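Summary of the model geometry
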Amino acid sequence: MSHFMKKKIPSVIILISMITGFMISIQYHSTQEILSSNSRDITELRSDLSKEMERKEALLKDLEKKQELLSQYKNNHKNQETTDIMKEELKKSQMLAGLIPVKGKGLILTIQSNGQANSDQGIENMVVDEDLRTLINELFANGAQAISINGQRIIANTAIRNVGNQIQVNQQFIQFPYQINAIGDQEKMKAGLQVAGLFDYFKLLNKELVIEKKDEIEVPAYVGDIQPKYMKPKEVGEK
């Protein structure tokens, strides 16, 4: 082996070593960059995950508040519906008891003189309490919902009675001619009076029962004391 060849071999080895070292250095730096990049990715993922968890918790709290508000609204709505039903039932009870004025479709009936001479003379021609009670009962039996006589509301404990030659309704004197306002089915009430023969009956008294159909008539509220004076509720266990 020549002297030149001996000198050339170390030079090649040195060159190869340098290249190898350079490659190892590059690989090392690349590995460090990858590791650094992976470390950053994990940190960012953890940060993003933490933010998502916080946002999820905030959404759950917001959802919980909205569900609570919805529950309150439903309860309030149910309570309002119950209150409305109770108010409506109270109003119906007050109407039936005669405690409030009412209006509606019905009949106006007038018992008046038939125009004949001396028609109002003589006790035998007088309209008496029993005549008015019969008329009122027929109206109620045929669907009347509210009735008044000369402005006096008829309720369950209304007294219609003779006092001398006059008639009292709710302890108030009423004067002839008598006007009855009745709210209810017009045809049914009129038919009931006809079947009962009341038109002919008043003719025998020289009176005339005149009927007017009205789309809206008024019946006033009962004026008087309806509180029970002698009754009281029985206690549980009381004999």
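Rules of the game
Residues numbered from 1 in each chain as written. Predicted model: local features only at pLDDT ≥ 70, side-chain atom pairs only at ≥ 80, totals over all residues. Heavy atoms only, no water. Phe/Tyr/Trp six-rings, centres within 6.5 Å; stacked < 30°, edge-to-face > 60°. Buried < 20%, exposed > 50% of the residue type's maximum accessible area, 1.4 Å probe, protein only. Helix = DSSP H or I, 4+ residues; strand = E, 2+ residues; numbered from the N terminus. Pairing = 2+ DSSP bridges. Contact = heavy atoms within 4.5 Å. Axes fitted to C-alpha atoms, helices over the stretch in contact; angles between N-to-C directions. Parallel < 35°, antiparallel > 145°, perpendicular 65-115°, else oblique. Left-handed = near helix turned anticlockwise from the far one by under 90°. Nonpolar A, V, L, I, M, F, W, Y, C, P; charged D, E, K, R; others polar.

In this section: the packing of aromatic side chains. Scanning all chains against the criterion turns up two aromatic pairs. Seen in terms of ring centroids, Phe176 and Tyr178 are 5.4 Å apart; in terms of plane orientation they differ by 90°. Their pairing is edge-to-face. Under the relative-accessibility criterion, Phe176 is labelled partly exposed at 30%.

Okay, the environment of Val223 next. By secondary structure assignment, the location of Val223 is in the segment after strand 8 (207-219). Taking the relative accessible area as the measure of exposure, Val223 reaches 69% and is therefore exposed.

Reading across the sheet, the five strands line up as 3-2-7-1-8 and stay open at both edges, with antiparallel pairing between neighbours. Edge positions in the sheet fall to strand 3 (152-153) and strand 8, since each of these pairs with one other strand and no more. Bridge count for strand 1 (residues 102-113) against strand 7 (residues 178-183) is six bridges, and the pairing is antiparallel. From the neighbouring strand, Ile108 faces strand 7, where its bridge partner is Asn181. Helix 2 (residues 129-141) rests against strand 1, strand 2 (146-149), strand 7 and strand 8 of the sheet, and its axis sits at about 15° to strand 7.

Another aspect to go through is the packing of helix 2 against helix 3 (residues 186-195). Where helix 2 meets helix 3, the closest approach of the two axes is 8 Å, and the angle between their N-to-C directions is 135°. Taken as axis vectors, helix 2 and helix 3 run oblique relative to one another. Note on packing geometry: the crossing formed by helix 2 with helix 3 is right-handed. Here Leu135, Glu138 and Leu139 of helix 2 lie close against helix 3, whose contacting residues are Met189, Gly192 and Leu193. Class assignment of the residues belonging to the contact of helix 2 with helix 3 gives a composition of four nonpolar, one polar and one charged.

With antiparallel pairing, the three strands of this open sheet are ordered in space as 4-5-6. Of all the strands in the sheet, just strand 4 (160-163) and strand 6 (172-174) have a single pairing partner and so form its edges. Between one strand axis and the next, the sheet turns by 40° as a mean value, whatever way the strands run. Summarising the sheet, strand 4 and strand 5 (residues 166-169) pair through four bridges and their orientation is antiparallel. Pairing of Val163 across the sheet is with Gln166, part of strand 5. Packing of helix 2 onto the sheet brings it into contact with strand 4, strand 5 and strand 6, and relative to strand 4 it is tilted by some 165°.

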